[in-house]
Amino acid sequence: MKDYDPVEIEKKWQERWEEEGVDRAEVDESREPFYLIFAYPGVSGFLHLGHMRCYSYTDIIARYKRMEGYNVLFPTGTHPTGNQAYSLSKHLQEGVPEKIDYMKRNGATEEDIERVKDPMELVTYFNEVYIDKYWKKFGISIDFDYFTYSTREDYKQFIKWQFRKLKERGLLTQKDYFGTECIECGPVAVDPSETDLSKGGTAEKQEYTLLKFEYNGRYITAATLRPETVFGQTNLWVDPEEEYLVAEVQGEEWILSKEAVDKLKYQKDNVKVVDSIKGEEMIGNYATAPVIHRDIIILPASFTDPNVGTGIVTSVPSDAPYDWIALRDLKKNHELLKKYTLKDKIKEVAPIPIIESKDWGINPAEKIIHEMDIVSQDDNEKLEEATQRIYKSGFHTGKMLDICEKYSGMRVQETKELVKQDMIEEGEADVMYDLSEEVICRCGAKVVVGKIPDQWFIRYSDVELSEESKRHAENMDVKPQSYADNLSDTIEWFQDRSCARRGNWMGTEFPFDEEWVIEAIADSTLYPAYYIVAKHYNEGNIKVENMNEKFFDFVYLGRGKIAEVSEDTGLHKETIEQVRSDFTYWYPLNLNLGGKEHMTVHFPPFLMNHVAILNKEDRPLGIFVNWWLVGKSGKISKSKGGAEPIPNAAEKYGVDTLRLFYAHSASPFVDKEWSEDEVFNYRKKLNSIWNKVHRMKKIDGEETSVDDYLRSRFYSLLKEVKEHMDDHELRKAASVIYYHIPSEVDWYFKRGGTNGELLNEVAVGLLKLMVPFTPHIVEELSELWGLEFIVNTRLPEIPEDAISTKAELEEEYIKEVKADIKQILEVAEVDGEHIHLYVSPGWKERALTKILENPDKGMGLMGELTRELDAPPKEISRYVQQIFKTLREKGAKGSWSVELDEYDILEMSREFFEEEFTAKVKVYGPDDVSYDPGSKASQAIPRKPAIYVE
RNA sequence: GCGGGGGUAGCCAAGCAUGGCCAAAGGCGCAGGACUUAAGAUCCUGUCACGUAGGUGUCCGAGGGUUCAAAUCCCUUCCCCCGCACCA
């Protein structure tokens, strides 16, 4: 026997599969198709072992479906759209040392690096890496004849068609959008995983209501997150030391901090600075507050921050702890009051109650400051917490008090949005966006929220589309259940989504406005439909210029007359009809697999675009979401590194080992922490199966008494595997295949099983079940039987008479007796050289039958039983009670439901017990009490023989 | 805030839908043994407590309840994690 050498085996079989073309998918009308994909990767750099988890799951399902007899289509592509590939290429051009190091670490040569400074070359380079070093290396059974990627010209034709169809359905629209952008580089995502940020990835975009206070023909502006509190305004807070600017905005003059002007410039047109004004100049004066139209006083404060909002704060001391404490401090600060001659004026400034909440009543700020014992306005941490607590309780349980004009009595929740809208309509307020913390681009410039005028959107908010999609989602096969329960809500929540950008991005030119490039989510929704066409493009049957609107209309929608389409596209009728019939054969898509990050990003628009564009019968049927592989300190990520290159890992651990690790170490639906020790453990597991299968091949003996058991168990477990696989419960299936079945084989050997024919049958059956998970080792092992390309075979059928409950229960019985003997030997202080087994007397068996037939009669059976049975009534009574107790506690034991000849079974396995316990074993028949020094025989009951050890 | 997922033995992790052979799979770790002299071995055995006879007690975040029977169902409560949009 050779040793198990994964590296050699995996290379060998991957080559042979490729030669043989076992992954090829051709239309075959006689077979049912099964079409599945995984969410193709964005071309962003090297992938890691986390990605391989999803690809492995997809492959396991693909291979299993093939072995079930389906004609499986499993294509893939890549997705370079967006700026990730582009910016990596740019960084290499610039010679950024970390990026060069990153390339080298992952096996790129100097020539490679030189080459990929051209973004298009970078895409080609990574396509090769993904295909050769990842997918092929992992034995993923993809048919690469269908390969395509989203920046190829043919793919772009498809995307343009898709957008024409969206427009046709009225699903495209234009409106202003406020998005995050670097002031140097343009749009950038603010996201913790974003590689183009050097700071502030966790920042949130916030929408402030910008309140306008009339002041000498100008407006002092103050930003707030709580517009509903305007009714409680008592004063403004201004930093006397700060130099504020006067800016012309929308024909008005606004007073605000320099920093705020800088931000506003990106959000409003023609913002011009016309003047400046020192904070202290305003102190003690009055400005007219919005909504309440009262003149409120401007007071000095030091806690205002020019970076937050406008640098000027409106004060609501009743509800804002900061304001309350600042006001109190100021009232005590005689020096300051004197300096600005506020002594008399400030007396009038007092909190005005506006909201009543369940927890805090009215004037919550004052109450919470006392309760939390906050003494200083510099105690930021406590004040922040206090603000949060009040806000939370106010938002949910608060009601507006009577002074709040038309909003009196309304809930805070509703008032908030309403007040804001009303003020904006009246021209008393505006909207300003800001980030919750400072965000800096990789280039060193600031990231701001900027206005993008006339941004294109896909109208996912469309009611009809949402409803249709939701209805379809209800009937899809979605795993896991938690996501299935959620998908409809996610679709409902899914709002209009911007679908194009300007700037340096790779992607398809927007067909209605060439300045725009379609962005990455929007061009990756309908693509499974395109693989089928891509194959024809790859084979040269169709060219880019043939792929016009009529062509796709015909192929995807069955629209148009073939003669016209042929003329319009310049393609032969047969070609077009061939593409169309391929599409109708393979579509709809059966399963789309992707990581959990896609739950609210890719899957909803994937589904909705299908619903919006394709015919009803072509809507996708299933979604499978897998969770992540994580490192010790969180997600394994491209940006943070942390994982070794995939090809190295493949050789270090073995591909089959890794695949088994993915499949078995955790449910697909939880995050799994990477653990090298665990991976090696799976290597050992495969090693032990390797050895076991060799042993099974070698042993070639006669039939034995345990054959029925092994055969029955094997097929019972096979049935279980099928059930699990039908539910995509990969882990449970793997658990049966790699643990339960081998342990049944072990038991068979232990019990003296030697039947060569049966062992061959079970071994080959086991190998077939292993194919989807660990195909390489299986091919190698199946050579022992002279089988070639076992991956192309069908799963074993379950022979009609193979499953025998009786055979299984007999062994179960032996296991129980064995466990009982063992326990006794552990506890009892005896030598244990002789073991006596007493089968329960005949009358107990008969009584049991009677009881099981009349389970409701209870002790009422006693009379009947004493009459019929030849045993002392006292013993019968005790026994019957015992049986009822067991029935009540544990239900009808399985072995009670069939007849077993216990004496026979024990006698047949006497040798086994003798070997197990190195003891002499004697079995006594039902009414044989010829030797019973321990007086144990009477304890025997059916399926539980009495035991005496000495 | 909105939406979702969890808390199971030293650790990781099944089970929970459909209550009952559940003291609770599997793995890791730990302990003991076998085998060999090398391998990241392999194979047994044990790993809640007590117990001179196959038993008993306690146990699945905490507290209550339903039931003949609860890790599983219901209520209350504490704690942890994730997604929220132009980011693939």
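Coordinates for the structure precede this section.
Anyway, here's the lowdown on the structure attached to this text.

The rules behind each value
- Residues numbered from 1 in each chain as written.
- Chains lettered and ligands numbered in written order.
- Predicted model: local features only at pLDDT ≥ 70, side-chain atom pairs only at ≥ 80, totals over all residues.
- Heavy atoms only, no water.
- Salt bridge = Lys/Arg side-chain N within 4 Å of Asp/Glu carboxyl O.
- Helix = DSSP H or I, 4+ residues; strand = E, 2+ residues; numbered from the N terminus.
- Buried < 20%, exposed > 50% of the residue type's maximum accessible area, 1.4 Å probe, protein only.
- Core = buried A, V, L, I, M, F, W, Y, C linked by side-chain atoms within 4.5 Å.
- Polar contact = N/O pair within 3.5 Å; in protein donor to acceptor, adjacent residues only side chain to side chain.
- Contact = heavy atoms within 4.5 Å.
- Near = heavy atom within 4 Å.
- Nonpolar A, V, L, I, M, F, W, Y, C, P; charged D, E, K, R; others polar.
- Pairing = 2+ DSSP bridges.
- Axes fitted to C-alpha atoms, helices over the stretch in contact; angles between N-to-C directions.

1. Structural notes on the pattern of salt bridges
Consideration 1: All told, the structure shown has 71 salt bridges when counted by the stated rule.
Consideration 2: Notably, a salt bridge pairs Glu-780 with Lys-12, separated by 2.9 Å at the nearest N-O pair. With Glu-780 in helix α28 (residues 775-782) and Lys-12 in helix α1 (residues 6-20), this pair connects stretches of sequence that are 768 residues apart.
Consideration 3: Here Lys-137 ties to Glu-651 by a salt bridge, and the two come within 3.3 Å at their closest N and O atoms. In this pair, Lys-137 is assigned in the loop between α6 (119-135) and β4 (148-149) and Glu-651 in helix α22 (residues 646-653), connecting sequence segments 514 residues apart.
Consideration 4: Relative accessible area serves as the criterion here: at 45%, Glu-651 is assigned to the partly exposed category.
Consideration 5: Several salt bridges converge on common partners, so that one network encompasses Lys-2, Lys-12, Arg-16, Glu-780, Glu-783 and Glu-788.

2. Structural notes on the nonpolar core
Consideration 1: Counting 177 residues, the largest nonpolar core has Met-103 and Tyr-556 as its most contacted members.
Consideration 2: Core analysis: the next-biggest nonpolar cluster, separate from the first, contains 45 residues, Leu-211, Ile-283, Tyr-407 and Met-410 among them.

3. Examining the side chain of Asp-434
Consideration 1: As for its placement among the helices and strands, Asp-434 is situated in strand β19 (residues 429-435).
Consideration 2: Residue Asp-434 is classed as buried on the basis of its relative accessible area, which comes to 9%.
Consideration 3: Side-chain polar atoms of Asp-434 contact the side chain of Lys-263, separated by 2.9 Å.
Consideration 4: Those residues in contact with Asp-434 that lie beyond four places of it in its chain are Glu-204, Lys-205, Gln-206, Tyr-208, Lys-263, Asn-307, Gly-309 and Val-449.

4. Focus: the protein's contact with RNA strand B
Consideration 1: Taken together, 54 residues lie around RNA strand B, and His-79, Ala-189, Phe-680, Asn-681 and Lys-822 are the ones closest in.
Consideration 2: Looking at RNA strand B alone, sugar and phosphate atoms form 52% of those within 4 Å of the protein.
Consideration 3: The separation between a base nitrogen of RNA strand B and a polar main-chain atom of Gln-495 is 2.9 Å.
Consideration 4: A distance of 2.5 Å is found between a sugar or linking oxygen of RNA strand B and a side-chain nitrogen or oxygen belonging to Arg-501.
Consideration 5: Tallying contributions element by element places helix α29 (residues 805-827) first for the surface near RNA strand B, with six residues.
Consideration 6: When grouped by side-chain class, the residues that make up the surface near RNA strand B number 19 nonpolar, 15 polar and 20 charged.

5. Examining the sheet that holds strand β31 (residues 834-838)
Each strand in a sheet pairs with another by means of backbone hydrogen bonds, the pair being arranged parallel or else antiparallel.
Consideration 1: Strand order in this open sheet of three strands is β32-β31-β33, and the pairing throughout is mixed. Whereas interior strands pair on both sides, the edge strands pair on one side only; in this sheet they are β32 (920-924) and β33 (946-949). Mean inter-strand twist for the sheet, computed between neighbouring axes without regard to direction, equals 15°.
Consideration 2: Pairing analysis gives four bridges linking β31 to β33, with the strands arranged antiparallel. Directly across from Leu-837, in β33, lies its bridge partner Ile-947.
Consideration 3: Lying on the sheet, α29 is in contact with β31 and β33; it crosses β33 at an angle near 40°.
Consideration 4: Sheet strands touched by helix α34 (residues 910-917): β31 and β32. Its angle to β32, the strand with the most contacts, is close to 145°.

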